[in-house]
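As a plain string of letters, each chain reads:
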Amino acid sequence: MSNENNYQDIMTVTADRQKTIVKTSIIGIIANVLLAGFKAVVGLMSNSIAMVLDAINNLTDALSSVVTIVGAKLSTKQPDKDHPYGHGRIEYISTLAVAAIILYAGGRALVESIRKIIEPETPEYGMTALIVIGVAVIVKLILGTFVKRKGKQVKSDALVASGKDAFFDAILSVSVLASAIIYIIWGLDLQAYVGIIIAAVILKAGWDILTETVDKIIGEKNDPELSAKVREVINREENVRGAYDLILYNFGPDKHYGSVHIELPDVMTVDEVDVLTRKLQLNILKETGVIMTGIGVYSYNTTNEEVAVIRNAIQKAVMSHDFALQLHGFYVDLEEKTMRFDVVVSFEIDRNEALEIMHKEVMELYPEYTISIVPDVDMSGMSR
């Protein structure tokens, strides 16, 4: 399969993903607008602040779906000279907008609920109000399941967030229904206090979405599942001894660029390495969708038993420390008396301190050698 065909396949998947996001969001908009309308009318008629706030929450959900659609549309724009990696991260910006809308709605709900506690008004619940709330619970549960499933299917954080929010809405509607029943039976007015609970849940949902999205924009550790898949493709090749320093650069959902080092025998020619790395780039793209922008090479000694003895001694000394997570890229030149290797260091220790400890211990073992140790960052979350 050619690179051009691979590119076309990726574009087809992207277009299908966008259609799914748009269709799912439109369904959410219609459902939320209808629910908001019914709740607002019944809430105003029954003088229920809790129901009115629930209606406002549904409107913010509808607005969130509109933002999700806009984000999905803009994120599929083709790369240009100013944005050579595409516009995929716009989806994260749209998710931030969704979080901001939810936080604003939660803040308004909190203010209004406190005001109702200070200046209470007597609600007048009827059978219509109870039916509307009951229907809302059922609709939100169905909608939440549908939207969240679609979000996971196409890896859309905005849709998953909307699905979670719909489940919260169902819980909130149950609390409104409970407060209405309590008032009808015992005459105890809890609507303003229920409104505070609603506000707290809305604020927490918005904050969670905000922090998760900011983490993605700042840069998280590699996705373990995707990392494992890329490594599996690489380690499948006969001459590859291991894959290390894998870094995945996230430029939006399902838009990853990557770089990696592979360990190869020191007897391979440059031509052989070139053929292998090109093959790996193509296979990784086909099987994972990751575009490998660089594949570096570590060579390992294959012709001298003394090197194996040295490596085992170094491995034992370095890996005796909890902060040392992995040793790779080991190479020794017996004639020049030099050795080099990389060590993945835990975030739980200062890198310079770890380097000083390792360098001192290796020098004690092989004082006649010039030693080069590179402390690598724990990109794959191996920290114990």
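None of these values were measured; they are calculated from a predicted model. (Residues numbered from 1 in each chain as written. Predicted model: local features only at pLDDT ≥ 70, side-chain atom pairs only at ≥ 80, totals over all residues. Heavy atoms only, no water.)

Asker: Explanation requested: the pattern of salt bridges in the structure shown.
Answerer: Side chains carrying opposite charge are able to pair once their charged atoms draw close together. Within this structure, the stated rule accounts for six salt bridges. Arginine 236 is the salt-bridge partner of glutamate 287, the closest N and O atoms lying 2.9 Å from each other. A residue pair is termed long-range when its members are at least 10 positions apart, and glutamate 287 in helix α8 (residues 270-288) and arginine 236 in the loop between α7 (224-235) and β1 (242-250) qualify at 51 residues. Note on glutamate 287: relative accessible area 34%, which makes it partly exposed. The exposure class of arginine 236 is partly exposed, given its relative accessible area of 43%. As a salt-bridge pair, glutamate 237 and lysine 279 come within 3.2 Å of each other at their nearest N and O atoms. (Salt bridge = Lys/Arg side-chain N within 4 Å of Asp/Glu carboxyl O. Helix = DSSP H or I, 4+ residues; strand = E, 2+ residues; numbered from the N terminus. Buried < 20%, exposed > 50% of the residue type's maximum accessible area, 1.4 Å probe, protein only.)

Asker: Would you mind showing me how to read the sheet that holds strand β3 (residues 291-300) here?
Answerer: The strands making up a sheet associate through hydrogen bonds between their backbones, and the pairing can be parallel or antiparallel. One open sheet accounts for three strands, arranged β1-β2-β3; its pairing is mixed. Edge positions in the sheet fall to β1 and β3, since each has one partner strand and no second. Strand after strand, the sheet turns through a mean of 15° between neighbouring axes, direction not considered. In this structure, β1 lies alongside strand β2 (residues 256-265), joined through seven bridges in antiparallel fashion. (Pairing = 2+ DSSP bridges. Axes fitted to C-alpha atoms, helices over the stretch in contact; angles between N-to-C directions.)

Asker: What exactly am I supposed to notice about the packing of helix α9 (residues 305-318) against helix α10 (residues 351-365) here?
Answerer: It is at 10 Å that the axes of α9 and α10 come closest, and there the two elements cross at 145°. The handedness of the crossing between α9 and α10 comes out as right-handed. Packed against α9, whose contacting residues are Ala313, Ile314, Ala317 and Val318, the element α10 presents Met358, Glu361, Val362 and Leu365 at the interface. Along the lines of polarity and charge, the residues of the contact of α9 with α10 split into seven nonpolar, no polar and one charged. (Left-handed = near helix turned anticlockwise from the far one by under 90°. Contact = heavy atoms within 4.5 Å. Nonpolar A, V, L, I, M, F, W, Y, C, P; charged D, E, K, R; others polar.)

Asker: Hey, could you run me through unusual backbone geometry in this one?
Answerer: The bulk of non-glycine residues show a negative phi, and the bulk of peptide bonds are trans. A positive phi angle, close to 55°, is found at aspartate 245, a residue other than glycine. With respect to the helices, strands and loops of the structure, aspartate 245 is situated in strand β1. Its identity as a non-glycine residue notwithstanding, lysine 337 has a phi of 60°, on the positive side. With respect to the secondary-structure elements, lysine 337 resides in the loop between β4 (324-333) and β5 (338-345).

Asker: I tried to follow a nonpolar patch on the surface on my own but got confused; where do I start?
Answerer: A contiguous nonpolar patch, built from Ile181, Ile184, Ile185, Trp186 and Leu188 and spanning about 540 Å² of accessible area, is present on the exposed surface. We classify isoleucine 184 as partly exposed; its relative accessible area is 45%. (Patch = residues over 30% accessible without salt bridge, like charges linked within 9 Å, V, L, I, M, F, W, Y side chains within 5 Å. Areas by Shrake-Rupley, 256 points an atom, 1.4 Å probe, with all protein chains shown as cover.)

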